[in-house]
Amino acid sequence: MTTLTQDTAAGFVRLTLGHLGRPYPFKMDLVLNGPEDARPPAEHHPIFHGSFDWHSCVHGWWQVMRLARLYPAMPEAAEVRARAGVMLVPEKVTGELAYLQRPGAAGFERPYGWAWLLALHGELARHDGPWAAAVEPLARAFATRFHAFLPKLTYPIRVGTHFNISFALTLAHRWAKAHDPALRALIEARAGDWFLADSDCQAWEPAGDEFLSPALAEALLMSRVLDPDAFAAWFAAFLPRAEQGQPATLFTPARVSDRSDGKIAHLDGLNLSRAWCWRAIGAALAPHPLEPLIARAIDDHLAASLPHVAGDYMGEHWLATFALLALVGD
C-alpha cells in the first residue's frame, strides 16, 4: 500500500498553506439578516476565511497541524506553528463564536463543519502549545450543538456529501472519547438506533457529486462504536457478499470526468475517503478473509485520485486533507 513520506507531507503542507489565508474565492454559509451582514468573509470569520469555504479552512488547519506534529523537523512545520501563533488565538476565536450567535446560524455547517472543528481541537490538544486552549470554547460550542441535535434527528442522513451523519459522528466520537464522555455515549446510542439493524446493503453509489461512501462511512462508524466481535457480526450482515467483491461499486474507484467542476471533483474525495474507510474497516476486522480485497481496493482508489490532489483549485482547496485521511487515518 502507498504510505505517507516526509516529502509527500511537506508537499501537502505547502499546498494547504497556500490557500489557508487566501481570501477569495470564498463560498459563504450566511443568512443575511440585514444589509449590515454583507461584509467580507474575514470580518465574519477571523480564522476560517480561506480555502474557499469555512469547513475546508477548518480541516486544512487540522491537516497542517497534524503533519507538523508527525514531521516536526520538516522546514514547513515551523511555518505552520508560526501561522498558528497568529491565527489560533483567543480574540479570533471570540469572533468565530460571535458568528454562531447570529440569528439564522443554528444550522451553520451542520454536521460536517461541526465535526471537523472537533477534530481540529483534538489535534491541537496533542501539541505542546496554547492553541487547544484557545480553540476549546469553539469546540465546546459545537459539542453543545451535537448534544441538542442528535436526540431530535429522527432519521439518519445517509447522503455522500457534507450532511452525512456517519462521517460526522466518526470524527466527533474520536474527540468525545477524550473530551466529552456524555457525547460519546450519545453518539454510540444514536448509531445503534439508526444502523444496528441494517443488513444486505446494496451500495447504490456513487452519486455524481459525492465525496463520501454512504455504505463505508456507516461501516466505519459502527467499527468505532461496537466491540470487535460485535462489529464483525454486524459487518457480515451488512455486506454479506463482500468476500466475493460485491457490491462491486465499493471496490471500484469512481471516474472523474472534469476536475474543474467543483461538484464532479468531489469524486476524487470519494476515492480517497473510501481508501480511508477500507483501511480502518480492515484493521477493525483483522484477521479476516477480506483483507486481500481490501488491500487491492485501497491501492486502486489511491491510484485513481492521489495524483490529482493538486492541479485545479476546485479540488486543491480540500483534497490534501482527504489524502491524509487515506494515507494515515483520522
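Look above for the structure.
As the structure is a prediction and not an experimental result, all values here were calculated from the model. Sequence order as written defines residue numbering, which begins from 1 separately in each chain. Confidence filtering applies because this is a predicted model: local features only for residues at pLDDT of at least 70, side-chain atom pairs given and counted only at 80 or more, and all residues used for totals across whole chains, interfaces and linings. Just so you know, side-chain values use all the structure's heavy atoms and leave hydrogens and water out.

Re the pattern of salt bridges
Salt bridges are counted wherever a side-chain nitrogen of Lys or Arg sits within 4 Å of a carboxyl oxygen of Asp or Glu. Enumeration over the complete set of coordinates arrives at 15 salt bridges. The closest approach of N and O atoms between Glu123 and Arg69, which form a salt bridge, is 2.7 Å. Placement of the pair is Glu123 in helix 6 (residues 112-124) and Arg69 in helix 3 (residues 54-70), with a sequence separation of 54 residues. Look at the salt bridges and you will find they share partners, linking Arg158, Asp198 and Glu218 into a network. The helix count covers DSSP runs of H or I at least four residues long, the strand count covers runs of E at least two residues long, and both are numbered beginning at the N terminus.

Section: the packing of aromatic side chains
Aromatic ring pairs: the centre-centre distance and the angle between the two ring planes describe each pair. Ring geometry is summarised as follows: Phe, Tyr and Trp rings, the Trp one being its six-membered ring, pair when their centres sit within 6.5 Å, and such pairs are stacked at plane angles under 30 degrees, edge-to-face over 60 and tilted between the two. The tally for this structure, following the rule as stated, stands at 22 aromatic pairs. Measuring from ring centre to ring centre gives 4.4 Å for Trp234 and Phe238, while their planes differ by 20 degrees; the resulting arrangement is stacked. With Trp234 and Phe238 both in helix 11 (residues 228-238), this residue pair falls 4 residues apart, about one helical turn. Partly exposed residues are those whose accessible area sits between 20% and 50% of the maximum for their type, while under 20% is buried and over 50% is exposed, using a 1.4 Å probe and protein chains only. Trp234 sits in the buried class, given a relative accessible area of 5%. Residue Phe238 is classed as buried on the basis of its relative accessible area of 2%. Taking the ring centre of Tyr313 as reference, the NZ or CZ of Arg22 above it sits at 4.0 Å. Both a distance and an angle decide whether a charge sits over a ring: NZ of Lys or CZ of Arg must be within 6 Å of the ring centre and within 35 degrees of the ring normal. Just above the ring of Tyr99 sits the side chain of Arg102; from NZ or CZ to the centre is 5.1 Å.

Some words on the nonpolar core
Residues belong to one nonpolar core when they are buried, are Ala, Val, Leu, Ile, Met, Phe, Trp, Tyr or Cys, and are joined through side-chain atoms within 4.5 Å. Core analysis: the largest hydrophobic core is formed by 108 residues, its most contacted members being Trp61, Phe235 and Trp278. Considering each element in turn, this core owes the most residues, 10 residues, to helix 7 (residues 131-149). Contact between two residues is taken to exist if any of their heavy atoms lie within 4.5 Å; hydrogens are not considered. When sequence neighbours within four positions are dropped, the list of residues in contact with Phe235 reads Ala219, Ala242, Trp278, Ile281, Leu285 and Leu290.

Thoughts on the side chain of Asp330
Mapped onto the elements of the fold, Asp330 is located in the segment after helix 15 (319-328). Among the polar contacts made by the side chain of Asp330, one reaches the side chain of Arg174 at a distance of 2.9 Å. Within the structure, the side chain of Asp330 is placed 3.2 Å from the side chain of Trp276, a separation counted as a polar contact. If sequence neighbours within four positions are ignored, Asp330 has contacts with Trp62, Arg66, Thr170, Leu171, Arg174, Arg224, Trp276 and Leu325. The term polar contact refers here to a pair of N or O atoms within 3.5 Å; inside protein, the definition further demands a hydrogen-donor-capable atom paired with an acceptor-capable atom, and it admits residues adjacent in sequence only when both atoms are side-chain atoms.

Comments concerning helix 1 (residues 6-20)
The terminal C-alpha atoms of helix 1, which comprises 15 residues, lie 20 Å apart, in line with the 21 Å expected from a rise of 1.5 Å per residue. Burial in helix 1 covers these residues: Ala9, Ala10, Phe12, Val13, Leu15, Thr16, Leu17, His19 and Leu20. If you follow the buried residues of helix 1, they end up packed against helix 3, helix 4 (75-87), helix 14 (313-316) and helix 15. A helix's residues, less one, multiplied by 1.5 Å, set its expected span.

With respect to the packing of helix 5 (residues 90-100) against helix 7
A fitted line through C-alpha atoms represents every axis, and for helices the fit uses only the stretch in contact; the resulting angles, taken between N-to-C directions, go from 0 to 180 degrees. One way to put it is that helix 5 packs onto helix 7 with a least axis distance of 7 Å and a crossing angle of 20 degrees. Compared by their axis directions, helix 5 and helix 7 come out roughly parallel. Every pair of crossing elements has a handedness; the one defined by helix 5 and helix 7 is left-handed. Only Ala134, Val135, Pro137, Leu138, Ala141, Phe142 and Arg145 of helix 7 make contact with helix 5, whose side of the interface consists of Pro90, Val93, Glu96, Leu97 and Leu100. Class assignment for the residues of the contact of helix 5 with helix 7 results in 10 nonpolar, no polar and 2 charged. Each angle receives one of four descriptions, namely roughly parallel if under 35 degrees, roughly antiparallel if over 145, roughly perpendicular if within 65 to 115, and oblique otherwise. By convention, the crossing between two helices is left-handed when the near helix turns anticlockwise from the far helix through less than a right angle, and right-handed when the turn is clockwise. Only Asp, Glu, Lys and Arg are considered charged in this grouping, and only Ala, Val, Leu, Ile, Met, Phe, Trp, Tyr, Cys and Pro are considered nonpolar; every other residue, Gly among them, is considered polar.

Remarks on helix 5
Looking only at helix 5, the buried set comprises Val93, Glu96, Tyr99 and Leu100. One side of helix 5 carries all its buried residues, which in axial view fall inside an arc of 110 degrees. Facing away from the buried side of helix 5 by more than 90 degrees, the exposed set consists of Pro90 and Glu91. Comment: arc refers to directions from the helix axis out to C-beta atoms.

Quick look at the environment of Val58
Structurally, Val58 can be placed in helix 3. On the accessibility criterion, Val58 (0% relative accessible area) is buried. Separated by 63 residues in sequence, Val58 and His121 place their C-alpha atoms 9.9 Å apart. Beyond its immediate stretch of four places on either side in the chain, Val58 contacts Phe48, Trp116, Leu117 and Leu120.

Considerations on unusual backbone geometry
The linkage connecting Tyr24 with the following residue, Pro25, adopts the cis geometry, with an omega of 0 degrees. In this structure, the amide linkage connecting Arg110 to the following residue, Pro111, adopts the cis form with an omega of -10 degrees. At Ala203, a residue that is not glycine, the phi angle is positive and equals roughly 50 degrees. Mapped onto the secondary structure, Ala203 falls in the loop between helix 9 (181-195) and helix 10 (214-225).

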